[in-house]
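Residue-level structure breakdown
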Amino acid sequence: MADSTQASYKADLIQHAMEVDALKYGSFTLKSGRISPYFFNAGLLSTGPILATLATAYSSTIAQALKDGSFPEFDVLFGPAYKGIPFASGAAMALYTQHGISVGFAYDRKEEKDHGEGGKMVGVPVKGKRVVILDDVMTSGKAVRGAIETVRQNGGEVVGVVQALDRQEVGQDGVSSTVKEIEGLIGEGRVFSILTMKDLMTWLESKGRVKEFESLQAYWEQYGLK
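Residues numbered from 1 in each chain as written. Predicted model: local features only at pLDDT ≥ 70, side-chain atom pairs only at ≥ 80, totals over all residues. Heavy atoms only, no water.

By the naming in an unreviewed UniProt entry, the protein is orotate phosphoribosyltransferase, taken from Psilocybe cubensis. Under the heading Sequence similarities (unreviewed entry), UniProt records this for the protein: "Belongs to the purine/pyrimidine phosphoribosyltransferase family. PyrE subfamily." Checking UniProt for the protein, the heading Pathway (unreviewed entry) contains the comment "Pyrimidine metabolism; UMP biosynthesis via de novo pathway; UMP from orotate: step 1/2." (UniProt positions renumbered as here; feature names shortened; annotations may be inferred.)

In this model, the largest pocket occupies a volume close to 660 Å³. Taken together, 24 residues form the lining of the largest pocket, with Lys31, Lys83, Asp136, Val137 and Thr139 sitting closest to its centre. Counting only elements with at least two residues in the lining of the largest pocket, the list comes to strand E2 (35-40), helix H3 (84-99), strand E6 (130-137) and helix H4 (142-153). Per-element accounting of the lining of the largest pocket gives the leading share, 4 residues, to E6. Here the residues of the lining of the largest pocket sort into 13 nonpolar, 5 polar and 6 charged. Here the second largest pocket defines a volume of roughly 480 Å³. Lining the second largest pocket are 26 residues, and of these Met138, Thr139, Glu169, Ser177 and Thr178 sit closest to its centre. Secondary-structure elements contributing two or more residues to the lining of the second largest pocket are helix H5 (178-186) and strand E8 (191-196). For the lining of the second largest pocket, the residue count by class is 7 nonpolar, 11 polar and 8 charged. (1 Å grid on protein atoms, 1.4 Å probe; cavity = no way out; pocket = protein on both sides within 12 Å on 5 of 7 lines; lining within 4 Å. Points joined across faces, edges and corners; volume = space filled by probe spheres on them. Helix = DSSP H or I, 4+ residues; strand = E, 2+ residues; numbered from the N terminus. Nonpolar A, V, L, I, M, F, W, Y, C, P; charged D, E, K, R; others polar.)

Here we take up the packing of aromatic side chains. Inspection of every chain in the model, using the stated rule, returns 6 aromatic pairs. Each ring, one from Phe105 and one from Tyr107, has its centre 6.5 Å from the other, and the planes form 20°; the classification is stacked. The partly exposed category is assigned to Phe105, whose relative accessible area is 30%. A residue is classified by how much of its surface remains accessible, and Tyr107, at 22% relative accessible area, is partly exposed. Connected via pairs of aromatic rings, a cluster forms that spans Phe71, Phe74 and Phe192. Here the basic side chain of Arg167 rests over the ring of Tyr38, its NZ or CZ set 4.3 Å away from the ring centre. (Phe/Tyr/Trp six-rings, centres within 6.5 Å; stacked < 30°, edge-to-face > 60°. Buried < 20%, exposed > 50% of the residue type's maximum accessible area, 1.4 Å probe, protein only. Lys NZ or Arg CZ within 6 Å of the ring centre and 35° of its normal.)

A word on the confidence of the model for the protein. The predicted model of the protein has a mean per-residue pLDDT of 91, with 93% of residues at 70 or higher. Per-element mean pLDDT across the protein ranges from 78 in helix H1 (residues 2-19) up to 98 in strand E3 (residues 76-79). Below pLDDT 50 for its whole length, residues 1-6 participates in 1 contact with residues either more than four positions away or in separate chains. (pLDDT = per-residue confidence, 0-100. Contact = heavy atoms within 4.5 Å.)

Axis separation between helix H2 (residues 48-67) and H3 bottoms out at 8 Å; the angle between their running directions is 65°. Considering the relative orientation of H2 and H3, their crossing is right-handed. Where H2 approaches H3, its residues Leu51, Leu54, Ala55, Thr56, Tyr58, Ser59, Ser60, Ile62 and Ala63 are matched on the opposing element by Pro86, Phe87, Gly90, Ala91, Ala94, Leu95, Gln98 and His99. Tallied by class, the residues present in the contact of H2 with H3 amount to 11 nonpolar, 6 polar and no charged. (Axes fitted to C-alpha atoms, helices over the stretch in contact; angles between N-to-C directions. Left-handed = near helix turned anticlockwise from the far one by under 90°.)

So, about the environment of Lys226. Among the structural elements, Lys226 can be located in the segment after helix H7 (210-223). Distance in space between the C-alpha atoms of Lys226 and Val175 is 9.4 Å, their sequence separation being 51 residues. When residues no more than four places from it in sequence are discounted, the contact partners of Lys226 are Trp220 and Glu221.

Turning to the environment of Gln15, a few remarks are in order. Tracing the sequence through the fold places Gln15 in helix H1. The exposure class of Gln15 is partly exposed, given its relative accessible area of 30%. Along the sequence, Gln15 and Leu165 sit 150 residues apart, while their C-alpha atoms lie 14 Å from each other.

What follows deals with the nonpolar core. The biggest cluster of nonpolar side chains holds 49 residues, and the ones touching the most others in it are Phe74, Leu77 and Leu134. For this core, the element with the most residues is H2, which contributes 7 residues. Contacts of Leu77, omitting those with residues within four sequence positions, involve Ile62, Ala88, Ala91, Ala92, Leu95, Val103, Gly104, Phe105, Ala106, Val132 and Leu134. Of all hydrophobic cores here, the second largest spans 18 residues; its members include Val144, Ile148, Val151 and Val161. (Core = buried A, V, L, I, M, F, W, Y, C linked by side-chain atoms within 4.5 Å.)

Structure below.
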């Protein structure tokens, strides 16, 4: 049953992300210089329906991992400014309404506020709390590293990271993995993903989209993390 539920929310996210062009297939030059057959732009996840789908996917991923013991107990979801803010708020709400799991959420500002409550952090205080960071896609991991540092500077402990999509690629050296580098900072097995490149390939194959599937398969064979 767990596998069936997982397949459902993954398929829903892929389908809905394609409908708003957040997930596209074609030819895209990445910052690394690689020519990718697909591109994921989380900035386009900006409608009520797609945010609801994403919140369900984040919450289902976390709830299932908590249930099977592969994810640590935590207190706060942290969404790095700016794209991570709706991710954290939506996921916190879905965790409660769909799974009965109550956690707080927090986010940061790009610039520190010098009036009102002040500071860079907004939402539930992270001091002394176990924190899970939500991300869209890890490439170099720069954004996640910054988020980890922000949480730590404010007295929180980062116990996990959940990203929307894991591209499952090796680094420029052909060996390294950004996910493994981040796990080196927060603990082995503490980085989770809603979708992976393999999930995209499975979906394309199931829909008979041969051209796109073969393009991703060729890219995987060249750059995939084996």
